[in-house]
Amino acid sequence: MNQITSDFQDEIIVIDDTPANLHLLANLLGNNGYQVRPFPSAKLGLAGIKHSSPALILLDIQMPQMDGYEVCKHLKANELTCDIPVIFISALDEAMDKLKAFTVGGVDYITKPFQTEEVLARISTHLELNRLQKILKQENHLQAQKLAEQNSQLQQMNQALDKANKELNEKYEQLQQTQLKLIQGEKMSALGNLITGIAHEINNPVGFLNGNIQPALDYVNDLFGLLDLVQEKYPQLHPEIQAEIETIDLDYIREDLPKLVRSMREGVKRIVDISTSLRTFSRADTNHPVTCNIHDGIDSTIMILKHRLKASESRPEITVIKDYGELPKIQCYAGQLNQVFMNLLSNAIDALEDSNQRLKYGEITNQITVKTELSDDHKQVIIRIKDNGIGMSAELQSKIFDHLFTTKGVGKGTGLGLAIVRQIVVEKHHGNITVNSAPGIGTEFALSLPIAS
C-alpha cells in the first residue's frame with residue numbers, strides 16, 4: 001500500500017461507537033502519516049474537538065445518545081469548528097441518508113464496508129481542499145492589505161478578486177449540479193428497481209388468473225349443460241334434489257355466475273393495465289435518448305398517483321382533465337421525463353391540499369389540467385400542468401428552481417424536486433420550463449421540449 005505523506009502531520013478526529021471500526025480507522029490513518037484522535041462516542045468527540053483544531057473529522061451516523069447528524073449540526077453552528085470538513089462513514093446506504101448528511105454540512109459520504117484506498121484518497125482530497133481554502137482566505141486578506149497600501153494597483157487587484165470569485169462560483173455550481181445528478185440517479189435507480197419488481201410480482205399471478213378464467217367459464221357452461229341434460233332425461237327428479245334446486249335458486253345462479261366470471265376478467269384486465277403503467281413509468285434510461293410517446297409517460301404517472309387523487313374525509317376527488325393534442329413521438333430520456341411529471345403532479349396535489357385547509361368540504365373543487373400541444377413552428381412539444389390551488393407570489397416564483405429552496409414545512413420537502421426538474425428539462429433535454437402563478441388563482445408549469453434531439 002502506498003502511504004500518503006505531507007509536509008506536516010494532519011490531525012484527524014475519528015468518532016465511532018464501534019470499537020472495531022474505531023481501531024481499524026485509527027491504525028489505517030496512523031500508518032499513513034496522520035495524527036489520529038479516536039473517540040468512542042459523540043459527546044466525547046465534541047469535548048475533544050473543543051480542545052484541539054483537527055484538520056478533518058471522520059464521523060459515524062448511528063450512535064447512541066447523539067447521532068452523527070446532530071454532531072455535525074453542533075460543529076457547523078460553532079464559528080470555531082464550522083470550517084472543519086466532516087466526512088460521514090456509515091453503513092446506511094439510502095439516498096435520503098446521504099442527502100441528509102450533505103444537508104447538515106458534510107463534505108463527503110463513505111459507505112461501510114469501505115475500501116482503504118477510497119478512504120485515504122477522499123481524506124487526502126478534502127484535506128487538500130481545506131488547505132487550499134485556508135490559503136485562499138489568507139491570500140485574500142493579504143490582497144486586501146495591499147489594496148489599502150497600493151491604490152495604484154486597485155484595478156488589477158479587483159480584477160484578480162473578480163476572477164477568483166467567478167471560479168469559486170463556477171465550482172460551487174458544478175458541485176451543486178454533481179450533487180443533483182447523484183441524487184437524481186440514485187433516486188431513479190431505486191424507484192425503477194422497486195416498481196419493476198412490483199410489476200414482475202404482479203404479472204405472475206395475473207398471468208395465472210388470466211389464463212384460467214376462460215377455461216373456468218367453459219367448465220361452468222359445461223356443468224350447466226350437464227344439468228340441463230339431466231333435467232331433460234329425468235324430468236321427475238327426486239324430491240330432495242328438486243328442493244335443493246329451489247333452495248339455491250339455480251336459475252339465478254345460471255344467470256349470475258357467468259357475469260361474476262366476466263367481472264373477474266375485467267378486474268384482471270385492470271390489474272394488467274396498472275402493471276403496464278408501472279413498467280412504462282419505471283423504464284430504464286440508456287446513455288442515448290429513445291423514441292417515446294409523451295402521453296404514455298403522463299398517463300402512467302397519473303396512474304401511479306391515483307391513490308392521492310381519490311376522495312378522502314377532508315376533500316372530494318381531485319379531477320384530472322386531460323387535454324391532449326396530436327403530438328409526434330420525441331427523442332428523450334423517458335424515465336427522467338416521467339420523474340419530471342411525477343414531481344410536478346405531486347406538487348400540484350400538495351398545493352391543492354394546502355388550499356383546502358381553509359375551505360369546507362362542499363366548497364372544495366380540486367382540479368388539475370394537463371394540456372399538450374405543438375409549438376407554432378412545430379419544432380417543440382408543450383406540456384402544461386395547471387392546478388387551481390393556492391398559487392404563489394412573484395417572489396416565490398423567482399426562487400422555486402433554486403437549489404435546496406422549498407415552501408414546504410420541515411420534514412416535508414428537500415428543496416431538490418424542482419431543481420432536479422429544471423436540470424432534466426433544460427440541461428438534459430435542451431428544453432425550457434416556466435411558471436405562471438398568482439395567489440388565489442393556482443399555478444401552471446409549462447415545459448417545452450424539442451422534437452428532435
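Preceding this section is the structure that the text describes.
Calculation rules
- Residues numbered from 1 in each chain as written.
- Predicted model: local features only at pLDDT ≥ 70, side-chain atom pairs only at ≥ 80, totals over all residues.
- Heavy atoms only, no water.
- Helix = DSSP H or I, 4+ residues; strand = E, 2+ residues; numbered from the N terminus.
- Pairing = 2+ DSSP bridges.
- Axes fitted to C-alpha atoms, helices over the stretch in contact; angles between N-to-C directions.
- Contact = heavy atoms within 4.5 Å.
- Phe/Tyr/Trp six-rings, centres within 6.5 Å; stacked < 30°, edge-to-face > 60°.
- Buried < 20%, exposed > 50% of the residue type's maximum accessible area, 1.4 Å probe, protein only.
- Lys NZ or Arg CZ within 6 Å of the ring centre and 35° of its normal.
- Core = buried A, V, L, I, M, F, W, Y, C linked by side-chain atoms within 4.5 Å.

## Structural notes on unusual backbone geometry
Argument step 1. Omega for the peptide link from lysine 112 to proline 113 comes to -5°, which places this bond in the cis form.
Argument step 2. Backbone geometry places aspartate 249, a non-glycine residue, at a positive phi of 55°.
Argument step 3. Examined against the element boundaries, aspartate 249 turns out to sit in the loop between α7 (239-248) and α8 (250-281).
Argument step 4. Phi is positive for histidine 378, close to 60°, though the residue is something other than glycine.

## Things to note about the sheet that holds strand β5 (residues 108-111)
Argument step 1. Judged by pairing direction, the sheet is parallel, and its 5 strands sit side by side in the order β2-β1-β3-β4-β5 without closing on themselves. Two strands lie at the open edges of the sheet, namely β2 (35-39) and β5, each paired on one side alone. Taken over all neighbouring pairs, the strand axes of this sheet differ in orientation by 20° on average, direction set aside.
Argument step 2. Across the sheet, helix α3 (residues 68-77) lies against β1 (11-15), β3 (56-59) and β4 (86-90), angled at about 175° from β4, the strand it touches most.

## A look at the packing of aromatic side chains
Argument step 1. Applying the stated criterion across every chain, the model contains 1 aromatic pair.
Argument step 2. Geometrically, the ring pair formed by tyrosine 69 and phenylalanine 88 is tilted, given 5.8 Å between the ring centres and 50° between the ring planes. Residue tyrosine 69 is found in helix α3, and its partner phenylalanine 88 is found in strand β4; the two are separated by 19 residues along the sequence.
Argument step 3. Among the residues examined, tyrosine 69 registers a relative accessible area of 5% and is labelled buried.
Argument step 4. Lying over the aromatic face of tyrosine 333, lysine 428 brings its terminal NZ or CZ to 4.7 Å of the ring centre.

## Some details on the nonpolar core
Argument step 1. With 40 residues, the main nonpolar core has Ile294, Leu344, Ile368, Ile383, Phe445, Leu447 and Leu449 as its most contacted residues.
Argument step 2. Contributions of two or more residues to this core are made by α9 (294-304), β8 (330-332), α11 (334-356), β9 (367-374), β10 (380-387), α13 (417-428), β11 (432-438) and β12 (442-450).
Argument step 3. Every residue in contact with isoleucine 368, bar those within four places of it in the chain, is listed here: Ile318, Thr319, Val320, Ile321, Leu345, Ala348, Ile349, Leu352, Ile385, Lys386 and Asp387.
Argument step 4. Core analysis: the second largest hydrophobic core is formed by 22 residues, Ala42, Tyr69, Leu92 and Tyr109 among them.

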